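Observations on chain architecture
Letter by letter, the chains look like this.
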Amino acid sequence: MCLFLISCSQNNKDKEKVTSDYFGDELNIMHIEANNPDFIDYIDNVSKKLNIKINIIPCPEDANNRQAEISNKLYSGSTDIDLISVNDEMVSEFKSRGYLEPLDDIMTKDVLQSYPKDYVESVSMYNKNVFSVPYMMDIMMFWVNEKYAILSNVRDIKNLDDFSSFLNHDYGTGLYAYGGAWEETYIYNDLSQFINMFGGDYYNWSNDNTRNAVVFLHDMLKYNHTSKAQMIDRYEQMEQKFIDGKYGSIFMYSGAINTFYNSGKYGEDGIHVVKLPNIKNLSTNIATWQYVLNKASKNKSAAKRFLQYISSKDGCVEYSNVMKQVPARIDVILDKNININVPDIDTIRGYVENCSLKARPLTSESMTDISEMGKIFQKYLLDEMALDEFCNRAQKIVDRNHSK
């Protein structure tokens, strides 16, 4: 595995000088953005500010491979990694297994108040201890292609009737009113999002609102409002199809806003974020990327200094502005006196102000359960499984590893 020293980027003479500087501490961080030039600049600045030599180690891009590699390192007690950037699925599995160092001295009561309470309690905490520090928030938002809105004469999708009218318009061959990443390990995001909006409960599959959400998704495919071909699509494929104009609307996390913005297709007359439709309530998924501290780390003092900074308001603003991503702290998002360098930040603020922000429902065996749920949900959508059978099997999956 290659080890990248952030303080010695190849084509920047100023950064090359940093290699000869004295750093008081050293820190090894495995990070999903290890090869991103903007992140490299950000870490270089933080290393100077904190007097820590920060080494960045890349991790696999594929979610399953990434989770397996990180899990193996933590399980083996490896000391070559101190901090790791993880998503909700990973921390949900790792936090109960004794791999991670508690971070209650970083995520104090005052700091915790800056994050969504229900999210932190369900994702970051275990047995009243905090095991992760979120640094970037993803909010599930509704995106529309304005050309489809004009064709359907539904310029403002406010509720279920508006959404149904938008879906029912015939846009032409190979064009679909709705698109989703419905590969078996990704479809869970749409499933949980629609359950939220229909007022259902992912952990209760006899709930009428849960079942109504499932039927609605089934009927979108049945009536050709969306494409069967997306059963193999992950976010990368879905994003590109939306940019190419093949979909009229999608639900997608806010982290994609830079991809859409940089495509040249973003704007009021192109693809853009709109308000969440109020189907039964204004409720949307959120997720974060967050840092966890390896319990076997030999550099815990330096790691905690780093976490102290990135969880501060200044640290949160710096990351957000360099990476052009939504910060994890609610107070930073909502403070209009802070200049956040994220496209359409006012619309994003509207989601935070007006919507109930829901942690995605995850179990202690998240990747296994997400994959299994995706497989049976695809079977139901393709009429290879009846609704009652799907709901019965879904209930068994969530009951198996969910602590109520």
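Residues numbered from 1 in each chain as written. Predicted model: local features only at pLDDT ≥ 70, side-chain atom pairs only at ≥ 80, totals over all residues. Heavy atoms only, no water.

Identification of the protein chain as Extracellular solute-binding protein from Lachnoanaerobaculum orale is taken from an unreviewed UniProt entry.

Concerning the overall build of the protein chain
Across its full length, the protein chain holds 18 helices and 11 strands. Computed over its C-alpha atoms, the radius of gyration of the protein chain comes to 22 Å, within 12% of the 22 Å expected for a compact globule of 404 residues. Its C-alpha atoms put the protein chain at 65 × 45 × 40 Å along the principal axes. The proportion of buried residues among the 404 residues of the protein chain is 58%. Restricting to contacts in the protein chain with at least 6 residues of sequence separation, those with at least 24 account for 74%. Accessible surface, the protein chain: about 17400 Å² in total, of which carbon and sulfur atoms supply 45%. Between the mean site of the 43 positive side-chain charges and the mean site of the 56 negative ones, the protein chain shows a separation of 2 Å. (Helix = DSSP H or I, 4+ residues; strand = E, 2+ residues; numbered from the N terminus. Rg over C-alpha atoms; globule rule 2.2 N^0.38 Å. Buried < 20%, exposed > 50% of the residue type's maximum accessible area, 1.4 Å probe, protein only. Contact = heavy atoms within 4.5 Å. Areas by Shrake-Rupley, 256 points an atom, 1.4 Å probe, with all protein chains shown as cover. Lys, Arg positive; Asp, Glu negative; His and termini not counted. Charge placed at Lys NZ, Arg CZ, Asp CG, Glu CD.)

Here's the deal with the packing of helix 10 (residues 208-222) against helix 18 (residues 387-401)
At a closest axis distance of 11 Å, the pairing of helix 10 and helix 18 adopts a crossing angle of 125°. Taken together, helix 10 and helix 18 sit at an angle that is classed as oblique. Handedness of the crossing formed by helix 10 with helix 18: right-handed. Where helix 10 abuts helix 18, its residues Arg211, Val214 and Val215 lie against Leu387, Asp388, Phe390 and Cys391. (Axes fitted to C-alpha atoms, helices over the stretch in contact; angles between N-to-C directions. Parallel < 35°, antiparallel > 145°, perpendicular 65-115°, else oblique. Left-handed = near helix turned anticlockwise from the far one by under 90°.)

Looking at helix 16 (residues 345-354)
Listed in full, the buried residues belonging to helix 16 are Ile345, Ile348, Arg349, Gly350, Tyr351 and Val352. Along its buried surface, helix 16 packs onto strand 7 (133-145), helix 12 (257-262), strand 9 (271-274), strand 10 (283-293), helix 15 (330-334) and strand 11 (356-359).

Regarding the environment of proline 343
Its location among the elements puts proline 343 in the loop between helix 15 and helix 16. Relative accessible area serves as the criterion here: at 14%, proline 343 is assigned to the buried category.

Here's the deal with the side chain of histidine 272
For histidine 272, the position within the fold is in strand 9. Judged by its relative accessible area of 4%, histidine 272 is buried. Within polar-contact distance, the side chain of histidine 272 engages the side chain of glutamate 146 at 2.9 Å. Not counting residues within four places of it along the chain, the set of residues in contact with histidine 272 comprises Phe142, Trp143, Val144, Glu146, Tyr266 and Gly267. (Polar contact = N/O pair within 3.5 Å; in protein donor to acceptor, adjacent residues only side chain to side chain.)

Comments concerning the pairing of strand 10
A regular strand places its side chains so that they alternate between the two faces of the sheet. Of all 11 residues in strand 10, 11 are buried, a share of seventy percent or more. Residues Ser283, Asn285, Ala287, Trp289, Tyr291 and Leu293 of strand 10 are buried on one face, and the alternating residues Thr284, Ile286, Thr288, Gln290 and Val292, pointing to the opposite face, are buried as well. Pairing of strand 4 (residues 83-86) with strand 10, which is carried by 4 bridges, proceeds in the antiparallel orientation. Note that in strand 10 the partner of leucine 83 across the bridge is leucine 293. Pairing between strand 7 and strand 10: 6 bridges, direction antiparallel. Looking at the pairing, isoleucine 139 lines up with isoleucine 286 of strand 10. Taken together, the 4 bridges between strand 10 and strand 11 define a ladder with parallel strand orientation. Opposite threonine 284, over in strand 11, you have leucine 357 as the bridge partner. (Pairing = 2+ DSSP bridges.)

Structural notes on the domain arrangement of the protein chain
When its domains are assigned, the protein chain resolves into domain 1 (26-138 + 287-354) and domain 2 (139-285 + 360-401). If you average the C-alpha positions of domain 1 and of domain 2, the two centres end up 27 Å apart. Counting from both sides, the interface comprises 24 residues of domain 1 and, opposite them, 28 residues of domain 2. Here domain 1 and domain 2 share an interface that buries about 2100 Å² over both sides, 55% of which is from carbon and sulfur atoms. Broken down residue by residue, the surface that domain 1 buries against domain 2 is led by Glu89, Asp138 and Tyr351, which jointly contribute 32%. Applying the counting criterion to the domain 1 and domain 2 interface returns 4 salt bridges. A salt bridge links arginine 97 to glutamate 365; its shortest N-O distance comes to 2.8 Å. Viewed at the interface, domain 2 and domain 1 are joined by 13 residue pairs in polar contact (both at pLDDT 80 or more). Taken together, the residues of the side of domain 1 that touches domain 2 break down into 10 nonpolar, 6 polar and 8 charged. (Domains from an automatic or database assignment. Buried area = accessible area lost by both parts, 1.4 Å probe. Salt bridge = Lys/Arg side-chain N within 4 Å of Asp/Glu carboxyl O. Nonpolar A, V, L, I, M, F, W, Y, C, P; charged D, E, K, R; others polar.)

Some details on the pattern of salt bridges
A side chain with one charge may pair with a side chain of the opposite charge, provided their charged atoms come close. This model, assessed by the stated rule, comprises 23 salt bridges. We note a salt bridge from arginine 155 to glutamate 146, for which the minimum N-O separation is 2.9 Å. The class of glutamate 146 is buried, set by a relative accessible area of 10%. Among the ionic contacts, a cluster of salt bridges with common partners joins Asp62, Glu183 and Arg234.

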